[in-house]
Amino acid sequence: FGHGKSTLLLCPYTSPSAYINHSRKPNARVVWADDTTKNHNADWLQEGVEFLKQQEAIGLSLNFVATRDIRPGEEVFIDYGREWEKAWKKYVKEWKPPVDSDDFAPATT
């Protein structure tokens, strides 16, 4: 998660975050964790990028919160934002396999 006016990029690395995808009609949202979440230091949100770069342990946490009831088996979506969507479309349009990938097979056609 990032912002166009910041050099900071947050990358969730928990297993569940790998299964949350983008939609313009999301059923969940991302919020900062509260003080009851283990390893979340809310005071770090007031610090600058240089402070965060010096940290050697987890200190910020995000929560995924449902914005409506989600049925069993239903996919969870958040809105990554228009900037991400625009960048993704550009990437897909311009991407080409590496020159040494003779055996490349696209996942979709």
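Keep in mind that this is a model prediction, so the values were computed, not measured.

Cut-offs applied
Residues numbered from 1 in each chain as written. Predicted model: local features only at pLDDT ≥ 70, side-chain atom pairs only at ≥ 80, totals over all residues. Heavy atoms only, no water. Salt bridge = Lys/Arg side-chain N within 4 Å of Asp/Glu carboxyl O. Helix = DSSP H or I, 4+ residues; strand = E, 2+ residues; numbered from the N terminus. Buried < 20%, exposed > 50% of the residue type's maximum accessible area, 1.4 Å probe, protein only. Patch = residues over 30% accessible without salt bridge, like charges linked within 9 Å, V, L, I, M, F, W, Y side chains within 5 Å. Areas by Shrake-Rupley, 256 points an atom, 1.4 Å probe, with all protein chains shown as cover. Lys, Arg positive; Asp, Glu negative; His and termini not counted. Charge placed at Lys NZ, Arg CZ, Asp CG, Glu CD. Polar contact = N/O pair within 3.5 Å; in protein donor to acceptor, adjacent residues only side chain to side chain. Contact = heavy atoms within 4.5 Å.

(A) Region of the structure containing the pattern of salt bridges. Going through the model one piece at a time under the given rule, you end up with six salt bridges. For Arg24, the salt bridge goes to Glu85, with nearest N and O atoms at 3.5 Å. Pair noted here: Arg24 is in the loop between β1 (20-22) and β2 (28-32) and Glu85 is in helix α2 (residues 82-94), with a separation of 61 residues, a long-range link. A residue is classified by how much of its surface remains accessible, and Arg24, at 40% relative accessible area, is partly exposed. Under the relative-accessibility criterion, Glu85 is labelled buried at 15%. Residue Glu74 pairs with Arg68 through a salt bridge whose shortest N-O separation is 2.5 Å. According to the relative accessible area criterion, Arg68 is partly exposed, its value standing at 40%. Taken together, the salt bridges that share partners define one network made up of Arg24, Glu85 and Lys89.

(B) Just a negative patch on the surface, in detail. Where like charges cluster on the molecular surface, the negative patch consists of Asp34, Asp35, Asp43 and Glu47. What makes Glu47 partly exposed here is its relative accessible area of 40%.

(C) Representation of unusual backbone geometry. In this structure, Asn39 is a non-glycine residue whose phi angle is positive, near 70°. When you line up the elements, Asn39 lands in the loop between β2 and α1 (49-54). Owing to a relative accessible area of 43%, Asn39 belongs among the partly exposed residues under this scheme.

(D) Layout of the side chain of His40. In this structure, His40 sits in the loop between β2 and α1. Here Ser61 takes part through its backbone nitrogen, which lies 2.9 Å from a polar atom of the side chain of His40. Apart from residues no more than four positions distant in its own chain, His40 is found in contact with Trp32, Ala33, Asp34, Leu45, Gly59, Leu60 and Ser61.

(E) Focus on the environment of Asn27. Residue position: Asn27 is located in the loop between β1 and β2. A C-alpha to C-alpha distance of 5.9 Å links Asn27 and Ala66, two positions 39 residues apart in sequence. Other than its neighbours up to four places away in sequence, Asn27 contacts Val65, Ala66, Thr67, Arg68, Ile70, Glu74, Glu75, Val76 and Phe77.

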